[in-house]
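Fold and contact review
As a plain string of letters, each chain reads:
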Amino acid sequence: MRRPFSSVRSRAALAATLVVAVALVAAAFALLFALRSNLTDQAEGQADQWSNEVAQQIANQVPIGDLELPDSEDHPTQVTDAKGRLLIASEDMERITGTGVAAVRPASPPPTTAPTPTPTPSPTPTGDDDDDNDDDSGGDDDSDDDSRPPGAPADGVVSRPTGHSDGSATVDGTTVDYRFSERRVTGLAGGPYLVHVGASLGPQQSAVAAAQIAMLIGLPALLVVVGGVTWLVTRRALKPVEGIRREMAAITASEDLSRRVPEPGTHDEVAKLARTTNETLTALEASVERQRRFVADASHELRSPIASLRTQLEVGAAHPELLDVPGAVADTVRLQQLAADLLLLARLDAGEQAGRTRLDLVALVREEVSQRSADRIPVVPEVRGSAEVTGSRGQLARVLGNLLDNAQRHATGEIRATVRREGAQVVLAVSDDGAGVPEAERERIFERFVRLDDARSRDDGGAGLGLAIARDVAHRHGGTLEVGRGEAGGALFELRLPAAGRDPEHPVPAGASALGAAPAQVLGDRRE
């Protein structure tokens, strides 16, 4: 059973919807907070304005009973004295909270006489009459009315809002929430007086509620739109990927590696995936083709010595006097060598790494040459001193043996093996005086089971694996193997390896060998 959200489209749509949902919810909370704060500030400003107007009337000595109070439904008002007694309140008010005084009716009728200012002591005469006529700007008189007659009572002092609080009031049976402003009036007899005036929070609550309803309706619809659009966009974006998947499934079912996945005309990651997939298919097709050729060539090479050996054994079984023992031994040796080459190639293809043993290439050449006493042409070793490299002694000895065997097949009278140091490299060179290798064939001879035309006409040739093995081993040791023209006119094979202590993981680029500078005339074909 298919699990929910198992596809990329589903996960992408869900992720986009969740991200947008979180962003919208955060934005909604921020918007509601800002709206509520703004409307609360507006109500607070209205309450401050009306509390200032009522307090100014008291400061101007208007009798408490004659105060003009604002409308009770919009701005419920209370005025209390220093002892917390209610002096006057808005009409029709049935209940109030948030002002600290729960009474809505004064205990006694409000006074109809104006509050008298608190008397202030007269300044003591100093005897300097001229001081009374000095510049007014130099005095500390706080009076705002210099025209008041001498002995007239001063007005009270209205403070700034001393506090704000939230509460509610019931007027004519309707309860509404309010924002209350408190002011203090001082400087009058019986004071200080406290004035509480509220401003309705109904508009704020209505606006916030409307915004909440709009968000509750709009946010889900918007999330549905976001999820749907993301689904469609992702589906369109991943359509080429689905085409790649279907084609890969068809290739797997048909085992036809010549097919390729469709490449979209875009320059995005999907197009890069398609191109990389096609490159992988191309490399895989080439690898499979090489494996097929390898199996076919190996079968062909193995068939000949096996058939020959079987024929000789059958003849010997029927006619012992006709048994060609040397021929049977030769076929067995050839079969053994071919099997060893195939096994080594299989290990190299499986990723077998070179050893990390330090060895002297000069000593290796001397030892290997000394063991080849039965060669058709003696090998002349031109080595001296020492030249240490790091690697597998067995594999490097195999490379040297393959190069010397190849030279034995084509030399006419001279084979030389030299070892020298060139900077950070050790160069092993094997040259002969044979026909040489045509320049056009110098890379092809390193392919597996490749033998040039003249080599196929000979019976003593190898299977075409020696040079392929030699180059693979050279690359495994971080080196190179190239062929050119020697001084004697024949082939010159140069194996370049990093000297001991150098990094073997940076092989020398192909073509860096110091081959003969003058182009050689092609004298004939050559095989491994």
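Residues numbered from 1 in each chain as written. Predicted model: local features only at pLDDT ≥ 70, side-chain atom pairs only at ≥ 80, totals over all residues. Heavy atoms only, no water.

Per an unreviewed UniProt entry, the protein goes by histidine kinase and derives from Streptomyces niveus. Quoted straight from UniProt, the Catalytic activity (unreviewed entry) entry for the protein says "ATP + protein L-histidine = ADP + protein N-phospho-L-histidine." The record held by UniProt for the protein lists under Subcellular location (unreviewed entry) the comment "Cell membrane". (UniProt positions renumbered as here; feature names shortened; annotations may be inferred.)

**A look at the overall build of the protein**
When helices and strands are counted, the protein shows eight helices and 14 strands. The proportion of buried residues among the 528 residues of the protein is 38%. Sequence-distant contacts, at least 24 apart, represent 65% of the contacts inside the protein between residues at least 6 apart. Total accessible area computed for the protein in this model is approximately 30,200 Å², and 54% of it derives from carbon and sulfur atoms. (Helix = DSSP H or I, 4+ residues; strand = E, 2+ residues; numbered from the N terminus. Buried < 20%, exposed > 50% of the residue type's maximum accessible area, 1.4 Å probe, protein only. Contact = heavy atoms within 4.5 Å. Areas by Shrake-Rupley, 256 points an atom, 1.4 Å probe, with all protein chains shown as cover.)

**A closer look at the confidence of the model for the protein**
When pLDDT is averaged along the protein, the result is 80, and 84% of the positions lie at 70 or above. Taken together, the stretch residues 126–154 has pLDDT below 50 and engages in 10 contacts with residues farther than four places along the chain or on a different chain. Under a pLDDT of 50 for its full length, residues 455–459 has, in the predicted model, seven contacts with residues more than four places off or in other chains. (pLDDT = per-residue confidence, 0-100.)

**Focus: unusual backbone geometry**
Positioned with a positive phi, Asp-172 is a non-glycine residue whose angle comes to about 50°. Position of Asp-172 among the secondary structure elements: in the loop between strand S5 (163–171) and strand S6 (174–186). You will see that Glu-255, though not glycine, has its phi angle at about 60°, which is positive. Within the secondary structure, Glu-255 is located in the loop between helix H2 (202–254) and helix H3 (269–318). On the basis of relative accessibility, which here comes to 65%, the residue Glu-255 falls in the exposed class.

**Re the environment of Leu-219**
By the element assignment, Leu-219 lies in helix H2. Expressed as a C-alpha distance, the spacing of Leu-219 and Val-25, which sit 194 residues apart in the sequence, is 8.3 Å. Each residue touching Leu-219, except ones within four places of it in the same chain, is listed here: Leu-24, Ala-28 and Ala-214.

**Quick notes on the sheet that holds strand S14 (residues 491–498)**
Pairing in this open sheet of five strands is mixed, and the strands run S9-S11-S12-S14-S13 from one edge to the other. Taken across any chain shown, the strands that pair with only one partner, and hence form the sheet edges, are strand S9 (379–382) and strand S13 (480–485). Taking each pair of neighbouring strands and ignoring which way they run, the sheet shows an average axis angle of 20°. With four bridges joining them, S9 and strand S11 (residues 415–422) adopt parallel strand pairing. Residue pairing across strands places Val-379 opposite Ile-415, the latter belonging to S11. Against the sheet, helix H5 (residues 361–370) makes contact with S9, S11 and strand S12 (425–432), and its axis sits at roughly 170° relative to S11, the strand it touches most. (Pairing = 2+ DSSP bridges. Axes fitted to C-alpha atoms, helices over the stretch in contact; angles between N-to-C directions.)

**Things to note about the side chain of Glu-247**
Along the chain, Glu-247 falls in helix H2. Of the residues examined, Glu-247 reaches a relative accessible area of 17% and is grouped as buried. In this structure, Glu-247 is in contact with Arg-259, Arg-260, Val-261 and Pro-262, ignoring residues within four places of it in sequence.

**A word on H5**
Residues spaced three or four apart along an α-helix point in a common direction, a consequence of the helix completing one turn every 3.6 residues. For H5, the set of buried residues is Leu-361, Val-362, Leu-364, Val-365, Glu-368 and Val-369. The buried side chains of H5 occupy one side of the element, clustering within an arc of 160° when seen end-on. Residues of H5 that are buried in the fold lie against strand S8 (357–360), S9, strand S10 (388–391), helix H6 (393–410), S11 and S12. The backbone nitrogen of Val-362 lies 3.1 Å from a side-chain oxygen of the residue at the head of H5, namely Asp-360. (Arc of directions from axis to C-beta. Polar contact = N/O pair within 3.5 Å; in protein donor to acceptor, adjacent residues only side chain to side chain.)

**Examining the nonpolar core**
With 49 residues, the main nonpolar core has Leu-361, Val-365, Ile-415, Val-419, Leu-481 and Phe-493 as its most contacted residues. Here this core gets seven residues from one element, more than from any other, and that element is H6. Residues from two domains meet in this core; each of domain 2 (257–352) and domain 3 (353–498) gives at least three. Setting aside residues up to four positions removed in sequence, Leu-361 forms contacts with Ala-387, Val-389, Val-419, Val-426 and Leu-428. If you look at the next biggest cluster of nonpolar residues, it comprises 14 residues, including Val-79, Leu-87, Val-195 and Val-197. (Core = buried A, V, L, I, M, F, W, Y, C linked by side-chain atoms within 4.5 Å. Domains from an automatic or database assignment.)

**What about the packing of helix H1 (residues 8–59) against H2?**
At their nearest, the axes of H1 and H2 sit 8 Å apart, and the two run at 160° to each other. In terms of orientation, H1 and H2 fall into the roughly antiparallel class. Considering the relative orientation of H1 and H2, their crossing is right-handed. Counted by class, the contact of H1 with H2 contains 23 nonpolar, eight polar and three charged residues. (Parallel < 35°, antiparallel > 145°, perpendicular 65-115°, else oblique. Left-handed = near helix turned anticlockwise from the far one by under 90°. Nonpolar A, V, L, I, M, F, W, Y, C, P; charged D, E, K, R; others polar.)

**Looking at the environment of Asn-402**
Turning to its location among the elements, Asn-402 is positioned in helix H6. Each C-alpha atom of the pair Asn-402 and Ile-469 lies 8.4 Å from the other, and the pair is 67 residues apart in sequence. Other than its neighbours up to four places away in sequence, Asn-402 contacts Gly-466, Ile-469 and Ala-470.

**Structural notes on a negative patch on the surface**
A cluster of acidic residues, Asp-71, Glu-73, Asp-74, Glu-91, Asp-92, Glu-94 and Asp-172, forms a negative patch on the protein surface. Structurally, Glu-91 can be placed in the loop between strand S2 (86–89) and strand S3 (93–97). The exposure class assigned to Glu-91 is exposed, which follows from its relative accessible area of 62%. (Patch = residues over 30% accessible without salt bridge, like charges linked within 9 Å, V, L, I, M, F, W, Y side chains within 5 Å. Salt bridge = Lys/Arg side-chain N within 4 Å of Asp/Glu carboxyl O. Lys, Arg positive; Asp, Glu negative; His and termini not counted. Charge placed at Lys NZ, Arg CZ, Asp CG, Glu CD.)

**As for the packing of H6 against helix H8 (residues 466–476)**
With their axes 9 Å apart at the nearest point, H6 and H8 run at an angle of 145° to one another. Relative to H8, the crossing made by H6 is left-handed. Taken together, the residues of H8 that come into contact with H6 (itself represented by Gln-395, Leu-396, Arg-398, Val-399, Asn-402, Leu-403 and Asn-406) are Gly-466, Leu-467, Ile-469, Ala-470 and Val-473. A class-by-class count of the residues in the contact of H6 with H8 yields seven nonpolar, four polar and one charged.

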